[in-house]
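Below, each chain spelled out in residue letters.
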Amino acid sequence: MKKIKKRGAVYGVIALLLCAAVYLNWSYVDAPDELLVAGQTDADAAGTDTAAQSEGEDYFATSRLTREQARDEAVSTLRELSESEDADQAAKDEAAAQISALADDSVAEANIESLIRAKGYADAVVMIGDSGVNVVVAPPDGGLQATDVTVIKDIVVSETGMTAGQVKIVEAE
């Protein structure tokens, strides 16, 4: 009977965390729409620059949302495996390690994105994979220069420990 109650409690906590994740995703997706509405109010005065900026913000918001949804699905699958009674202990341990690695990657991506914005770039989306890091950056006026690429690579290398050759930087259009 205790095992059933414990399992119920675990499922309850997972459901609560899932609800929190859905709420956070929902709240972050609504923010760009609110900015877009505010931007449309000023669009008459600002012209097409505001429309182009809104499209760029939508790209970054959509990319972050897609990344988080894919990660949430992966974590969900790994949690099911780690809680499965049919799985052996080695598989459960591997699933727990992968969940931890995904959480670490998520924190690192957020840190890198914040540091890139702190260096004066409008926005960036970072995707950390097993073999490297992809960075999509909103380019400054005049496009990305070699010095911009160096600054961004330095940030990524210092935060992830990967080599500069494992970092791919793409300019958003």
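Everything below is about the structure printed above this text.
Here's what I pulled together on the structure shown here. Counting starts from 1 at the beginning of each chain's written sequence and moves along it residue by residue. Where local features are concerned, this predicted model is filtered to residues with pLDDT of at least 70; where side-chain atom pairs are given and counted, the filter is 80 or more; whole-chain, interface and lining totals use all residues. Side-chain descriptors were evaluated using all non-hydrogen atoms of the structure, hydrogens and water having been removed beforehand.

1. Quick word on the overall build of the protein
A run of DSSP states H or I qualifies as a helix once it reaches four residues; a run of E qualifies as a strand once it reaches two. Both are numbered from the N-terminal end. Scanning the protein from terminus to terminus reveals four helices and three strands. Each helix and strand of the protein, placed in order from N terminus to C terminus, yields the pattern α-α-α-β-β-α-β. In this scheme, a residue with accessible area under 20% of its type's maximum is buried, one over 50% is exposed, and one in between is partly exposed, where area comes from a 1.4 Å probe on protein chains only. With 173 residues in all, the protein has 24% of them scored as buried. Residue pairs in contact within the protein that sit at least 24 positions apart in sequence constitute 56% of those at least 6 positions apart. The accessible surface values rely on the Shrake-Rupley method and a 1.4 Å probe; as for residues, cover is taken only from the protein chains in view. Total accessible area on the protein stands at roughly 11,200 Å², and carbon and sulfur atoms take up 57% of it. It only takes one pair of heavy atoms within 4.5 Å for two residues to be counted as in contact.

2. Remarks on the side chain of aspartate 123
In this structure, aspartate 123 sits in the loop between α3 (89-118) and β1 (124-128). Residue classification places aspartate 123 among the buried positions, given a relative accessible area of 14%. Apart from residues no more than four positions distant in its own chain, aspartate 123 is found in contact with Phe60, Arg64, Arg117, Val136, Val137 and Ala138.

3. A word on the pairing of strand β2 (residues 133-137)
In terms of burial, β2 is largely enclosed, as four of its five residues are buried. Note: two strands are recorded as paired if DSSP finds a minimum of 2 bridges between them. Judged from the five bridges that link them, β1 and β2 form a sheet pairing that is antiparallel. The residue of β2 that forms the bridge with alanine 124 is valine 137. Hairpin connection between β1 and β2: a loop of four residues separates the two successive antiparallel strands. Alignment of β2 against strand β3 (residues 167-171), held across five bridges, turns out to be parallel. Across the sheet, the residue bridging to asparagine 134 is lysine 168, located in β3.

4. Some words on helix α4 (residues 146-160)
Each helix should span, by expectation, one fewer than its residue count multiplied by 1.5 Å. Over its 15 residues, α4 extends 21 Å from the first C-alpha to the last, a length consistent with the 21 Å expected when each residue adds 1.5 Å. For α4, the set of buried residues is Asp148, Ile152, Ile155 and Val156. Buried positions in α4, seen along its axis, are confined to an arc of 95° and lie on one side of it. Seen from the buried face of α4, the exposed residues on the opposite side, beyond 90 degrees, are Ala146, Thr147 and Ser158. Close packing links the buried residues of α4 with α3, β2 and β3. Trailing α4 by a residue or two, glycine 161 shows a phi angle of about 80°, which is positive. In this description, one arc is meant: the one made by directions from the helix axis to the C-beta atoms.

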